[in-house]
Amino acid sequence: PSTLEADRRQRQMCIRDSPTISSAIMRILIAWDVKEDVDPLLAALSLLAVDSITWAGVLYLLPPDPDFVGFSAPTVAERADLESEGAAAERRLEDLTEAVSSALGLAATPILRRDATGAGILDSAEAEAPDLVVLGSHQRHGWTKLLHGTVSQSVVTRSLVPVLVIPHEGAP
């Protein structure tokens, strides 16, 4: 095995053999962009695949409903696009949920919501009461980060439970 693979196995054994970590993580909430590659997430989950995990929720957030206060009312064509986007996201979420279920050896629960990303993750964490939030990050830098901040930064600083941030593949 490669050095990288041996290192991964060593970390996995440390996590699995640690009574503190393995007994503390029973419920995990995964917030992952369903349009992104799932391999980095599955690799991270292989390190967390401890016997004590009893529930995993896989969360995907669609943009807030345009009828929400502060947004202009969508046209009929825009409404059809939103419905189509929601149906496509639901199919991708089901695929991601199956992959997570297989990686963890349990039936994960898909959660599809319309909400602002950071707030939606935090609200879902409050509602689902996980022991750990696993979050994908696009690793924004420069002006984009300065103007908008990052979702992962917002969740990490405001979450009441531990957050594991995993960069999406291709993120700098």
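Basis of the calculations
Residues numbered from 1 in each chain as written. Predicted model: local features only at pLDDT ≥ 70, side-chain atom pairs only at ≥ 80, totals over all residues. Heavy atoms only, no water. Helix = DSSP H or I, 4+ residues; strand = E, 2+ residues; numbered from the N terminus. Buried < 20%, exposed > 50% of the residue type's maximum accessible area, 1.4 Å probe, protein only. Contact = heavy atoms within 4.5 Å. Areas by Shrake-Rupley, 256 points an atom, 1.4 Å probe, with all protein chains shown as cover. Salt bridge = Lys/Arg side-chain N within 4 Å of Asp/Glu carboxyl O. Pairing = 2+ DSSP bridges. Core = buried A, V, L, I, M, F, W, Y, C linked by side-chain atoms within 4.5 Å.

Enquirer: Before we go on, may I ask you to explain the overall build of the protein chain in this structure?
Expert: Secondary structure assignment for the protein chain yields 7 helices and 5 strands. When the helices and strands of the protein chain are read in sequence order from the N terminus, they spell out α-α-β-α-β-α-β-α-β-α-α-β. Relative to its 172 residues, the protein chain shows a buried fraction of 39%. Considering only contacts within the protein chain whose residues lie at least 6 apart along the sequence, 79% involve residues at least 24 apart. Summed over its atoms, the accessible surface of the protein chain is roughly 9,900 Å², and 56% of this surface lies on carbon and sulfur atoms.

Enquirer: Would you take a moment to explain the pattern of salt bridges for this structure?
Expert: Once their charged atoms are close, side chains differing in charge can pair, the charge on each being opposite to the other. Scanning all chains against the criterion turns up 2 salt bridges. In this structure, Arg 27 and Glu 128 form a salt bridge, with 3.9 Å as the shortest nitrogen-oxygen distance. With Arg 27 in strand 1 (residues 27–31) and Glu 128 in helix 5 (residues 117–128), the pair connects residues that are 101 residues apart, well separated along the chain. A residue is classified by how much of its surface remains accessible, and Glu 128, at 26% relative accessible area, is partly exposed. In this structure, the salt-bridge partner of Arg 113 is Asp 115, at a minimum N-O distance of 3.1 Å. With a relative accessible area of 26%, Arg 113 lands in the partly exposed category.

Enquirer: Explain the pairing of strand 1 to me, please; I cannot follow it from the model alone.
Expert: It is a general feature of regular strands that their side chains alternate between the two faces of the sheet. Most of strand 1 is tucked away: 4 of the 5 residues are buried. Sheet analysis places strand 1 next to strand 2 (residues 55–62), joined by 5 bridges and oriented parallel. When the sheet's bridge partners are listed, Leu 29 is paired in strand 2 with Gly 57. Strand direction decides the pairing type here: strand 1 and strand 4 (residues 132–137), joined by 4 bridges, are parallel. Of the residues in strand 4, the one forming a bridge with Ile 30 is Val 134.

Enquirer: What should I look at first to understand the nonpolar core in this one?
Expert: Nonpolar side chains tend to gather and get buried jointly when the protein is soluble and globular. Counting residues in hydrophobic clusters, the biggest one holds 25 residues, and the most contacted among them are Ile 28, Ile 30, Leu 41, Leu 96, Val 100 and Leu 104. For this core, the elements supplying multiple residues, two or more each, are strand 1, helix 3 (39–48), strand 2, helix 4 (76–104) and strand 4. The greatest single-element share of this core, amounting to 5 residues, is contributed by helix 4. Counting 12 residues, the second largest nonpolar core, distinct from the first, contains Ala 31, Leu 59, Leu 61 and Leu 122.

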